[in-house]
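A closer look at the structure
Below, each chain spelled out in residue letters.
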Number of protein chains: 2
Amino acid sequence: MENTASITTSQVITPAELLEHWQGHRRVTRRVIEAFPEDAFFNHSIGGMRTFSVLVMELLAIGVPGLREIVEGKREVFNENLKHDNKKETFLKLWDETTEGINTYWAQLKPERFQENVTLFGEYEGTVWSQIFYFIENEIHHRGQGYVYLRSLGIEPPLFYVRN
Amino acid sequence: MENTASITTSQVITPAELLEHWQGHRRVTRRVIEAFPEDAFFNHSIGGMRTFSVLVMELLAIGVPGLREIVEGKREVFNENLKHDNKKETFLKLWDETTEGINTYWAQLKPERFQENVTLFGEYEGTVWSQIFYFIENEIHHRGQGYVYLRSLGIEPPLFYVRN
């Protein structure tokens, strides 16, 4: 990435590495969506928790809007009630659009901004790095729940450590 | 931390921030262990998955040994079959010892090492940062499973975003 020129080799993690790391996790989550039977994706739940489709709507509501607010500084609305047609295919399409959107906005994120404090969705305060870590870790957290949903359906989830 | 003197403000995340972030997640996981009824911690499972006590043994087998191998370079044995007395209290004690151990070894981890490649437990290759991210994210993943176990028992899990 051209905008990492000021980063030295003593970086813990570079912006380019963090983007690739995030997208790697998103590829795993995409495989979890694919692994769900169509009906279970929209209806299966344990202990009164949200279905995996509802969890995925949360993730879609965070990814591009959250990163766009970091980059552009204009307050975004947190909207996890996506209009959809109860088809997994639609979610996968939205997932792939988010992949592109994240790449696009990331290219506009200056490396010196990661330590800056920002407020997202009018509510959540923290450094840029902590916001992005939250996006990634919230996805891992909910995906871990999806793994249990799949196992309870007798389905082997994708491997956690394969990210390509 | 004294050894972060060479790190500029253009760091995505500093070593000290990453340590605090990890320990923050570990505090959440500790509260998840506490939230389990004694019996369920050792016996409850869904879909043939491991019990939460077994998952916690995995986390204990990774934290200090993994970080120590990064710092000292001596091959560690991955041993997730801890001897224990089927008491949650023992796990909480081991958890707190790991908290101290992580702080101790982290203080010896030089910031320029995060981009270095290492092999852990004779098997897992990657940069130091990616190894540490794996430790943290593997914990989030398994803890997300623990949240479902708790919900399936009718127990409200600790808040994901409270890290103090």
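What counts, and where the lines are drawn
Residues numbered from 1 in each chain as written. Chains lettered and ligands numbered in written order. Predicted model: local features only at pLDDT ≥ 70, side-chain atom pairs only at ≥ 80, totals over all residues. Helix = DSSP H or I, 4+ residues; strand = E, 2+ residues; numbered from the N terminus. Buried ≥ 20, exposed ≤ 12 C-beta atoms within 10 Å, placed from the backbone. Least-squares fit on C-alpha atoms with pLDDT ≥ 70 in both. Contact = placed C-beta atoms within 7 Å. Expected span 1.5 Å × (residues − 1). pLDDT = per-residue confidence, 0-100. Core = buried A, V, L, I, M, F, W, Y, C linked by C-beta atoms within 7 Å.

Attention now goes to unusual backbone geometry. A negative phi angle is the norm for most residues apart from glycine, just as the trans form is the norm for most peptide bonds. Even without a glycine there, the phi angle at A:N86 is positive, about 55 degrees. Topologically, A:N86 is positioned in the loop between α3 (52–72) and α4 (88–106). Its 12 C-beta neighbours within 10 Å are what place A:N86 among the exposed residues. Even without glycine at this site, B:F121 takes up a positive phi of about 55 degrees. Structurally, B:F121 is set in the loop between β1 (117–120) and β2 (124–127).

Further remarks concern the relation of the copies chain B and chain A. Of the transformation placing chain B onto chain A, the axial shift is 0.0 Å and the rotation is 180 degrees, giving an RMSD of 0.0 Å. Here the symmetry operator amounts to a two-fold rotation axis. Interface overlap between copies is the fraction of interface residues in one copy that are interface residues in the other; for chain B against chain A it reaches 100%, indicating a shared surface.

All names here are of chain A. With 21 residues, α3 should cover 30 Å at 1.5 Å per step; its first-to-last C-alpha distance of 30 Å lies within 8% of that length. Within α3 the residues assigned to the buried category are F52, S53, L55, V56, L59, I62, G63, P65, G66, L67, E69 and I70. Against α1 (15–35), α2 (38–43), α4, β1 (117–120) and α5 (128–152) lie the buried residues of α3. Count one or two residues on from α3 and you reach G73, which has phi positive near 75 degrees.

All names here are of chain A. The share of residues in chain A with pLDDT of 70 or more is 95%, and the mean pLDDT across the chain is 94. Note that pLDDT drops below 50 for residues 1–8; the model gives that stretch 13 contacts with residues more than four away or on any other chain. Reported confidence for the predicted complex is 0.94 by ipTM and 0.94 by pTM.

Judged by nonpolar contacts, the single largest core of 55 residues is most densely connected at A:V12, A:I13, A:W129, B:V12, B:I13, B:W129 and B:I132. With 11 residues, helix α5 (residues 128–152) of chain B is the largest single contributor of residues to this core. Each residue touching A:I13, except ones within four places of it in the same chain, is listed here: A:L18, B:V12, B:I13, B:F114 and B:W129.

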